[in-house]
Amino acid sequence: MKALTRYLPDQARQRIAIGFITAMLLIAIGFGLSFYSYNRHNQDNSLSRRTDFVINDLNEILSLLKDVETGARGFVLTQDSIYLETHQAALPVLPKHLKHLNELIVDNPAQKQRFDSLGKLVQANIYRTNQLIVLSPTRGNWTQVKSYLLLGKMRMDDARRLVAAMISVERALTQTHDQQANQSFNTTIITILLLSVLTFIVLIVSYNVLEAELTHRQRVEDQLRGYEAELKAKIQQLETSNEELERFAFVASHDLQEPLRKIQSFGSILQQRSQQSADAETGEYMSKIMQSAERMSKMIKDLLHFSRLSAGLGSEQKTIRLNDLVRRILADKELQIKGLNAKVDVGDLPVIKGIPFQIEQLFTNLIANALKFIRPGVAPRIQIKAETIDGNLYPELVSGQAYTRIMVSDNGIGFDEKYLTHIFQIFQRLHSKTTYEGTGIGLAICKRVIQTHKGHITAISQPGQGAVFIIILPEYQQSLQAYDNPIPNEVYSYPVS
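Residues numbered from 1 in each chain as written. Predicted model: local features only at pLDDT ≥ 70, side-chain atom pairs only at ≥ 80, totals over all residues. Heavy atoms only, no water.

(A) Broad picture of the pairing of strand S5 (residues 402-410). By the criterion of burial, S5 is predominantly enclosed, with eight of the nine residues buried. The pairing of strand S4 (residues 381-390) with S5 spans nine bridges and is antiparallel. If you follow Ala386 over to S5, its bridge partner there is Ile406. In this sheet, strand S7 (residues 467-474) lies alongside S5 in antiparallel orientation, the contact comprising eight bridges. Paired with Ile406 across the strands is Ile471, a residue of S7. (Buried < 20%, exposed > 50% of the residue type's maximum accessible area, 1.4 Å probe, protein only. Helix = DSSP H or I, 4+ residues; strand = E, 2+ residues; numbered from the N terminus. Pairing = 2+ DSSP bridges.)

And the structure:
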């Protein structure tokens, strides 16, 4: 049942489950009612058989009583002891039949009352026949013998009437029990038939529901396979297009550097000549040309970096100790940090698994932005710290999986969070190039690095209150003790001079 319905929608599973549960309940009810009717049928048959036993015992008692009576009469009339054989044989058997009959009718008060009367007649007849045997007509007691014989006939007639009445009652009971047994049997048959029909109907309905759902599921699966084939084809086309674009960007950015270097070289010569000729206007133009060429060079270099990320160059992942990496980046920017009187606090950063040059590019860009977008007259302060979180905190991550969250915060100019998506796009800037230098590709590179490492990047900020860039990467469970020179927890601080 579970194997059939585990891929079906919840409502379909509920309907099918209800159908099968109903069918099982009907079968259970049918079994219970059949068992009850079967027991009633057996009880009625048992009662009917008991009445047969009662009738047999009554007939046997009456027959034995006749043997007692006829044996005594034959002996009295003939004085031949051969007639006493039937008399003597009946005497020990009668009590047994009386006892058995009493047990059979003990729950029938009317029959029990008749049985008591019959028992008294039997005892009186036995006593009278014994007295009759003792008397002998040859001794002049014939009158008394005749009196005993007449009394015996009267008592035998009473016994016959009692036995006939009891047999009549038992036959009526037998008829009643037979009717009840037949009724129980018919009720059982009808009940089983009705419940079987209902069960069959429920199973047919459940089967139709299951068949319809499976057919619908098969149809949906066929559609999904078609969509999947189309999607794969589109993805293949997109991958081919992306590869071509990335290859073009890489080649273009690489090839553009050569003519640009020539422009810078000849421009530098012309700039020197314009300075010697004291032509101020020409010198100004040449200065703008050189600035534009320098900016073009930076853009091409950044585009080249971005193309290398997109093309997956150097994509072998290695174990990276972030404390080492960040310390090396800060050492490279030591002069800039001291020149800005900046303070950088670095907490205990984890060991991660990643592509070294990409992770270095990621932190280089974030630290460079924090040192670039500063508030006038405010000494920059940068803080870098990390913690372990669960993926359910962000919808872009896998719930239940452990991640490392690294936060790079500053006290710079900040930005309006409505531009959060905008700042991670290539060549997108929130400020003019004259206010803050740069090409607008740094954060796009950061986002591409994080995507490559199956993580997530976002930011929290308000204008004039600094920004917090949040980097989330899959947690790498590796102890620092596995390395030759583990780095203790340190805070790298550059105080204001």
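Picking up where we left off.
(B) Inspection of the environment of Arg73 at higher detail. You can see Arg73 is positioned in helix H2 (residues 10-78). With 14 residues separating them in the primary sequence, Arg73 and His87 have C-alpha atoms 9.8 Å apart. Aside from chain neighbours lying at most four places away, what touches Arg73 is Leu149, Gly152 and Lys153. (Contact = heavy atoms within 4.5 Å.)

(C) How the structure looks around the packing of aromatic side chains. One pass over the full model with this rule turns up two aromatic pairs. Judged by centre distance (6.3 Å) and plane angle (40 degrees), the ring pair of Phe415 and Phe469 falls under tilted. Linking Phe415 in the loop between S5 and helix H11 (442-452) with Phe469 in strand S7, this pair joins segments that are 54 residues apart in sequence. Of the residues examined, Phe415 reaches a relative accessible area of 9% and is grouped as buried. Ring geometry for Phe424 versus Phe469: centroids 6.4 Å apart, planes at 85 degrees, classification edge-to-face. With Phe424 in the loop between S5 and H11 and Phe469 in strand S7, this pair connects stretches of sequence that are 45 residues apart. (Phe/Tyr/Trp six-rings, centres within 6.5 Å; stacked < 30°, edge-to-face > 60°.)

(D) Representation of the packing of helix H10 (residues 356-372) against H11 within the structure. Two numbers describe how H10 lies on H11: the axes approach to 9 Å, and their chain directions differ by 145 degrees. By crossing handedness, the relation of H10 to H11 is classed as left-handed. The segment H10 lies against H11, with Gln358, Ile359, Gln361, Leu362, Asn365, Leu366 and Asn369 engaging Gly442, Leu443, Ile445, Cys446, Val449, Ile450 and Thr452. Among the residues making up the contact of H10 with H11, the classes are represented as eight nonpolar, six polar and no charged. (Axes fitted to C-alpha atoms, helices over the stretch in contact; angles between N-to-C directions. Left-handed = near helix turned anticlockwise from the far one by under 90°. Nonpolar A, V, L, I, M, F, W, Y, C, P; charged D, E, K, R; others polar.)

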